[in-house]
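Residue strings, one per chain:
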Amino acid sequence: MLLTSTDAGRIGLEFLLADWNIPEDYRDWFTIFNSRLTGEFWYIVELGVEGFPDKWFIQVYDTGSCDPNYTFISPISGSEGYLDLKNIPYIIADVLVAERNSR
């Protein structure tokens, strides 16, 4: 295995930030909750916004590349409203709204 769990977590986070075009200034809003080796050649990295139940699961291969078909899970659907997002930066709220609506 070429990567450590920490490396995979960092790579997964960078992938998510790039995928959503989130500026570096907002990086600290995201947290790596878990990075675990699955199988022989990849990690599953669990990311989220601290204090929110929404989670992204990104597969990071030992080559350092990420599967672009990551999974987003949230107990909150778009139809339930977005009152929980009123006190966070617009760009973070926009990402969560988009992900919740796409489920």
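Just so it is clear, the model here is predicted, and its values are computed rather than measured. (Residues numbered from 1 in each chain as written. Predicted model: local features only at pLDDT ≥ 70, side-chain atom pairs only at ≥ 80, totals over all residues. Heavy atoms only, no water.)

### Details of the pairing of strand E1 (residues 30–38)
- Here E1 runs beside strand E2 (residues 42–49); their pairing, made up of eight bridges, is antiparallel. Residue pairing in the sheet places Phe30 in a bridge with Val49 of E2.
- Linkage of E1 to E2, two consecutive antiparallel strands, is achieved through a turn of three residues, within which Gly39 is found at a positive phi near 75°. (Pairing = 2+ DSSP bridges. Helix = DSSP H or I, 4+ residues; strand = E, 2+ residues; numbered from the N terminus.)

### Things to note about the pattern of salt bridges
- Applying the stated criterion across every chain yields a total of five salt bridges.
- Measuring nitrogen to oxygen at the nearest pair gives 4.0 Å for the salt bridge that ties Asp7 to Arg10. With Asp7 and Arg10 both in helix H1 (residues 5–19) and three residues apart, the pair spans about one turn of that helix.
- In this structure Asp7 comes out as partly exposed when scored by relative accessible area, which is 25%.
- We classify Arg10 as partly exposed; its relative accessible area is 42%.
- Residue Arg100 is joined to Asp54 by a salt bridge in which the shortest nitrogen-to-oxygen separation is 2.8 Å. Taken as a pair, Arg100 in helix H2 (residues 90–102) and Asp54 in the loop between E2 and strand E3 (55–61) lie far apart in primary sequence, 46 residues in all.
- With relative accessibility at 0%, the residue Asp54 sits in the buried group.
- Salt bridges sharing partners connect three or more residues here, namely Glu14, Glu24 and Arg27. (Salt bridge = Lys/Arg side-chain N within 4 Å of Asp/Glu carboxyl O. Buried < 20%, exposed > 50% of the residue type's maximum accessible area, 1.4 Å probe, protein only.)

### Focus: the packing of aromatic side chains
- One pass over the full model with this rule turns up three aromatic pairs.
- Between the aromatic rings of Phe30 and Trp56, the centroid separation amounts to 5.9 Å while the plane-to-plane angle is 55°, which identifies the pairing as tilted. Note that Phe30 is positioned in strand E1 and Trp56 in strand E3, a separation of 26 residues in sequence.
- Ring geometry for Trp56 and Phe72: centres 5.2 Å apart, planes at 55°, overall tilted. Here Phe72 lies in strand E4 (residues 71–73) and Trp56 lies in strand E3, a separation of 16 residues in the sequence. Here Trp56 matches Phe72 in class, with each residue buried. (Phe/Tyr/Trp six-rings, centres within 6.5 Å; stacked < 30°, edge-to-face > 60°.)

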